[in-house]
Structures are given as C-alpha cells and as structure tokens.
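# A look at the structure
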Amino acid sequence: MDTKELLKKVRKIEIKTRRLSDHIFGGEYHSTFKGRGMTFSEVRQYNFGDDVRNIDWNVTARYNEPYVKVFEEERELTMMLMVDVSGSELFGTENQFKNEVVTEIAATLAFSATQNNDKIGLILFSDKVELYIPPKKGRSHVLRIIRELIEFKPGSKQTNLVEALKFMQNVMKKKVIAFVLSDFIADDYHQTMKIVAKKHDVTGIRVYDKREEDIPNLGIVQMQDEETGELMLVNTSSKTVRKNYNKFYHEKAKYYKESFTKSGAGAIDCRVDESYVKKLLGYFKHRA
C-alpha cells in the first residue's frame, strides 16, 4: 500500500470513528472508567444544598461566611489496546474482514480515551508480541496507532494470547484499562487471565464472522488454515465433519466467555455484520 492510499484510509477511519467517539462514546467512556479518586480543586462560597461535610472551616472563619472545598475526579487513565494480528483475523465473508472491524473498534476506543485526556498504548500480537507502542496522549499518537493497525504485517500467523497478556502485565506497572480484540481461537489462557484481571481492568472483544460458526455443505473442498498455512481437503457434505467443527468452534467461544467473566473481566461478542456501536454502548451503559 503506497503512502497516499494509506493516509486516505487513515483519514476515512478517523472521520468515522472520531464522530462516534465525540457524539456517543466520549461521555459513556468517562462514566464507565473512573479515575483514581478525588483530588482537591478549589474553595467557593457555600450554596444551599452543598454537603456540610465539605465546609472549609479555616476559610469560613477568615471571611466570616461559609466556604466549601470543591473536589474533582483525578481522571488521567491509561488505555492499552491489545490486538490479535494472526492469520485468522483476515477472514471475512460479509462486507468487511474481521481485522477491518477490529481497526474501527480500536480507533473508536482510542479517540474516546483521547477525548478524556487519557493515554493510549498498543500491543499487536500473534504467537508473540509483534509490536509495542508505549502509551501516550494526543491525536497524532492515535493516528499512528491506526496506521499500524491498517498496514502492519505480522511475522507469524499463529496465536498465543498468554504471551501477550504476560507482556502487558510486565510492562504496565500501574493499573490500565485493557481491551483485547481477537477472535479468541486460542487455548489455555484462563489462568493467566485471572492473574492479569486482578491488577488491570480488562475487557475482551470477540470479533467473528457468522460463516465461521458452521461449515456449509459444499461437498469436498480445499481449505487452508490461515494460522498454519496447511492445505487440506475437507468433505463438508459429511454430517460428522460439520458437527465436529461446530463443536470445536463453540467450545472456543464458550472458553473465551468463561475465562473472561470468571476472572472478573468484561466480555463482548461482536459479529462483523452487527453494529459494534450498539455492542460497545450496551456494554458501557451496563458497567456504568
């Protein structure tokens, strides 16, 4: 992809996702993810209805009329976007590939955080951490994240969520808001998830295509595993083959849901032909 085409894509995603974050998600994000506590801001004259416990008795005695302390939420937070860039993210049968939807969701979350003056970082992972961008503030930083999401070419097509979670746990010493975007066709990450979710505010966003849930009856077809590159002939007319695949797929989805929720983390399911706007808003409102 040449530079001109890349910038055009970045701009298109910015316009769409920034509008969403400005008009919809900014306030919801602020309500959902609280700051570290309250910090003293100023004193002002007492108004009817103010909490008498906030009266500043020293200032009140000096001016011979009641004054109260005003506190503000200590807001600055850090958001870490953890994005699966393995081969299975290139699947898509509707208007968009999974990785395109993931990019839009990540950009919307990033602009929502920027609107609240929070820092945003990025971890791109396959079966290893492919790229780490430390958290920073600002629009230009978010645009860099979007550029990487669009054009990054991973070194591996396989997935290992444990490696990504351990890396995030090691580099982020303070609590962060972490969004993990993947199709979660992965194994054995429940124990690591429990450890990470104790320290950080973690939400999984499973992005999937409805055609992945069931194999249609198409006779004998050649299929390629996007993560291993292996080519194989599959008899899709066999009920046993379709049943076993369906079982495998739904076990992965169930494992994801249980691993996140039982660890105290959040879990969102988003099909590529569904509105991720409604899914995110519903999740934010439920949490707030």
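Now for a look at the structure at hand.

Thresholds, definitions, all that
- Residues numbered from 1 in each chain as written.
- Predicted model: local features only at pLDDT ≥ 70, side-chain atom pairs only at ≥ 80, totals over all residues.
- Heavy atoms only, no water.
- Salt bridge = Lys/Arg side-chain N within 4 Å of Asp/Glu carboxyl O.
- Helix = DSSP H or I, 4+ residues; strand = E, 2+ residues; numbered from the N terminus.
- Buried < 20%, exposed > 50% of the residue type's maximum accessible area, 1.4 Å probe, protein only.
- Pairing = 2+ DSSP bridges.
- Axes fitted to C-alpha atoms, helices over the stretch in contact; angles between N-to-C directions.
- Parallel < 35°, antiparallel > 145°, perpendicular 65-115°, else oblique.
- Left-handed = near helix turned anticlockwise from the far one by under 90°.
- Contact = heavy atoms within 4.5 Å.
- Nonpolar A, V, L, I, M, F, W, Y, C, P; charged D, E, K, R; others polar.
- Polar contact = N/O pair within 3.5 Å; in protein donor to acceptor, adjacent residues only side chain to side chain.
- Phe/Tyr/Trp six-rings, centres within 6.5 Å; stacked < 30°, edge-to-face > 60°.
- Lys NZ or Arg CZ within 6 Å of the ring centre and 35° of its normal.

## Brief notes about the pattern of salt bridges
Across all of its chains, the model carries 13 salt bridges by this definition. Among the salt bridges present, the one from arginine 11 reaches glutamate 14, with a minimum N-O distance of 2.8 Å. Of this pair, arginine 11 and glutamate 14 both sit in helix α1 (residues 3-32), three residues apart, roughly one helical turn. When its relative accessible area of 45% is taken as the criterion, arginine 11 is described as partly exposed. Residues aspartate 183 and lysine 98 are paired through a salt bridge, measuring 2.7 Å at the closest nitrogen-oxygen approach.

## Examining the sheet that holds strand β4 (residues 119-125)
Pairing is mixed in the open sheet, where six strands are placed in the order β5-β4-β3-β6-β7-β10. The sheet is open, and its two borders are formed by β5 (129-136) and β10 (266-271), each paired with just one other strand. Looking at each pair of strands side by side, their axes are set apart by 15° on average, direction ignored. In this sheet, β10 lies alongside strand β7 (residues 201-208) in parallel orientation, the contact comprising six bridges. Its bridge partner being in β10, isoleucine 205 is matched across the sheet by isoleucine 268.

## Notes on the packing of helix α5 (residues 161-171) against helix α6 (residues 190-199)
Two elements in contact, α5 and α6, have axes separated by 10 Å at closest approach and are oriented at 30°. Classified by the interaxial angle, the pair formed by α5 and α6 is roughly parallel. Once α5 is placed against α6, the crossing between them reads as left-handed. Contacts between α5 and α6 involve Val162, Leu165, Lys166, Met168 and Gln169 from the first element and Thr192, Met193, Ile195, Val196 and Lys199 from the second. Taken together, the residues of the contact of α5 with α6 sort by class into six nonpolar, two polar and two charged.

## A short note on unusual backbone geometry
The backbone phi angle of asparagine 117 is positive, close to 60°, even though this residue is not glycine. According to the relative accessible area criterion, asparagine 117 is partly exposed, its value standing at 47%. Non-glycine residue phenylalanine 184 carries a positive phi angle of around 55°. On the secondary structure map, phenylalanine 184 appears in the loop between β6 (177-182) and α6. Under the relative-accessibility criterion, phenylalanine 184 is labelled buried at 1%.

## Here's the deal with the environment of alanine 265
Within the secondary structure, alanine 265 sits in the loop between α7 (239-262) and β10. Using a relative accessible area of 10% as the deciding quantity, one classes alanine 265 as buried. Along the chain, alanine 265 and glycine 204 lie 61 residues apart, while their C-alpha atoms are 7.5 Å from each other.

## Overview of the pairing of β4
Counting buried residues along β4, six of its seven residues qualify, which places the element largely inside the surrounding structure. Note that strand β3 (residues 78-84) and β4 share seven bridges and pair parallel. Looking at β4, one finds that methionine 80 is bridged to glycine 121. Alignment of β4 against β5, held across five bridges, turns out to be antiparallel. Counted as the bridge partner of isoleucine 123 is tyrosine 132 from β5. Hairpin connection between β4 and β5: a loop of three residues separates the two successive antiparallel strands.

## Regarding the side chain of aspartate 50
Tracing the chain through its elements places aspartate 50 in the loop between β1 (37-45) and α2 (57-63). Judged by its relative accessible area of 18%, aspartate 50 falls in the buried class. Separated by 2.8 Å, the side chains of aspartate 50 and arginine 44 make a polar contact. One polar contact links the side chain of aspartate 50 to the main-chain amide nitrogen of asparagine 47, over a distance of 2.8 Å.

## Focus: the packing of aromatic side chains
All chains considered together, the criterion is met by nine aromatic pairs. Relative to tyrosine 67, the ring of tyrosine 63 lies with its centre 5.6 Å away and its plane at 45°, an arrangement referred to as tilted. Look at tyrosine 63 and you get partly exposed, because its relative accessible area is 48%. Note on tyrosine 67: relative accessible area 16%, which makes it buried. Summarising the aromatic geometry, the rings of tyrosine 132 and phenylalanine 167 are spaced 5.2 Å apart at their centres and angled 75° between planes, so their arrangement reads as edge-to-face. Of the two residues, tyrosine 132 is situated in strand β5 and phenylalanine 167 in helix α5; the sequence distance between them amounts to 35 residues. Here the aromatic cluster, defined as three or more aromatic residues joined through ring pairs, consists of Phe184, Tyr189, Tyr255, Tyr256 and Phe260. In this structure, arginine 206 packs its charged tip against the face of tyrosine 208, placed 4.1 Å from the ring centre.

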